[in-house]
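Reading the structure
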Amino acid sequence: MEPADVPVDRGPVLREPAHRVSRRAVLMWTIQALVVLAVLLAGQVVWWLVDDSPSRSLHWIVGAVWLVAGAAYAVAMPQWRYRVHRWEATSRAIYTQSGWLRQERRIAPLSRVQTVDLERGPVAQLLGLASVTITTASAAGPVTIHGLDLPVAHELVDALTAAAVAETGDAT
């Protein structure tokens, strides 16, 4: 029998999800990047203060490299993540695509859903955004969708919870 003749249940298919996250997620990721950069800057300031060498050349070089790399990160990373991050919920599965340097596309059948959580950090709260985490009976860990508009996140949590409750399997 040829491989194409073998009957296979095509079930859920790994494909690009249909929906983008909120455009405000770019601002959220930018703010989060700037917080990380501020912590690194504080470390450099401490280094400047405790270093008693007469030459400050190394500080200026490291500071210039840090400034260029940090600015590139704070500008490029959020835009790139927005282009990559997608999600979709169907009657059978939740599809996600995430990452920026290391990208991941996952599918979680609704029959495997164990819990559905809505999370909002301080920056997300300010911007009216939320993350939805779907914990499944999978060794790969939970599926998380970051940067959803709060009403969309609530609707997704309600829909996934209802679908998981209606599922007759035991999610193992």
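For the structure given in this document, a descriptive report is provided here. (Residues numbered from 1 in each chain as written. Predicted model: local features only at pLDDT ≥ 70, side-chain atom pairs only at ≥ 80, totals over all residues. Heavy atoms only, no water.)

So, on to the pairing of strand β2 (residues 86–89). In terms of strand pairing, strand β1 (residues 19–20) meets β2 through 2 bridges, oriented antiparallel. Bridging across to β2, Arg20 finds its partner in Arg86. As defined by bridge partners, β2 adjoins strand β3 (residues 93–98) across 4 bridges and the pair is classed as antiparallel. Note on β3: the bridge partner recorded for Arg86 is Gln97. The hairpin turn running from β2 into β3, its antiparallel successor, is 3 residues long. (Pairing = 2+ DSSP bridges. Helix = DSSP H or I, 4+ residues; strand = E, 2+ residues; numbered from the N terminus.)

Looking at the element boundaries, Ser22 is found in the loop between β1 and α1 (25–50). Given a relative accessible area of 9%, Ser22 falls into the buried group. Reaching out from Ser22, the side chain makes a polar contact with the backbone nitrogen of Arg24 at a distance of 3.1 Å. Only 2.9 Å separates the side chain of Ser22 from the side chain of Asp149, close enough to count as a polar contact. (Buried < 20%, exposed > 50% of the residue type's maximum accessible area, 1.4 Å probe, protein only. Polar contact = N/O pair within 3.5 Å; in protein donor to acceptor, adjacent residues only side chain to side chain.)

This brings us to the packing of α1 against helix α2 (residues 57–84). In contact at an axis separation of 8 Å, α1 and α2 are set at 165° when each is read in the N-to-C sense. Comparing their axes, α2 and α1 come out roughly antiparallel. Between α1 and α2 lies a crossing whose hand is right-handed. Of the residues assigned to the contact of α1 with α2, the class counts are 18 nonpolar, 6 polar and 1 charged. (Axes fitted to C-alpha atoms, helices over the stretch in contact; angles between N-to-C directions. Parallel < 35°, antiparallel > 145°, perpendicular 65-115°, else oblique. Left-handed = near helix turned anticlockwise from the far one by under 90°. Nonpolar A, V, L, I, M, F, W, Y, C, P; charged D, E, K, R; others polar.)

So, on to the pairing of strand β7 (residues 143–149). Pairing geometry for strand β6 (residues 129–136) and β7, over 5 bridges, is antiparallel. Opposite Leu129, over in β7, you have Asp149 as the bridge partner. Where β6 folds back on β7, the antiparallel hairpin that results is connected by 6 residues, among which Gly141 adopts a positive phi of roughly 90°.

For the structure on display, the rule yields 2 aromatic pairs. Ring centres of Trp48 and Trp60 lie 5.5 Å apart, and the angle between their planes is 85°; on these two criteria the pair is classed as edge-to-face. With Trp48 in helix α1 and Trp60 in helix α2, the pair connects residues that are 12 residues apart, well separated along the chain. Classification of Trp48 as partly exposed rests on a relative accessible area of 31%. Assessed through its relative accessible area of 61%, Trp60 is described here as exposed. Measuring from ring centre to ring centre gives 5.7 Å for Tyr73 and Trp100, while their planes differ by 55°; the resulting arrangement is tilted. Placement of Tyr73 in helix α2 and of Trp100 in the loop between β3 and β4 (104–109) is noted, with a sequence separation of 27 residues between them. Residue Tyr73 is classed as partly exposed on the basis of its relative accessible area of 30%. One residue, Arg56, lies across the ring of Trp48, its end atom 4.7 Å from the ring centre. (Phe/Tyr/Trp six-rings, centres within 6.5 Å; stacked < 30°, edge-to-face > 60°. Lys NZ or Arg CZ within 6 Å of the ring centre and 35° of its normal.)

Moving on: the pattern of salt bridges. Side chains that differ in charge, positive against negative, can pair when their charged atoms come close. The final tally for this structure, using the stated rule, is 3 salt bridges. Between Arg86 and Glu16 there is a salt bridge, and its shortest N-O distance comes to 3.4 Å. Separated by 70 residues along the polypeptide, Arg86 in strand β2 and Glu16 in the segment before β1 bring together distant segments of the chain. Overall, the relative accessible area of 16% leaves Arg86 in the buried class. The residue Arg24 makes a salt bridge to Asp149 at a minimum N-O spacing of 2.6 Å. With Arg24 in the loop between β1 and α1 and Asp149 in strand β7, the pair connects residues that are 125 residues apart, well separated along the chain. (Salt bridge = Lys/Arg side-chain N within 4 Å of Asp/Glu carboxyl O.)

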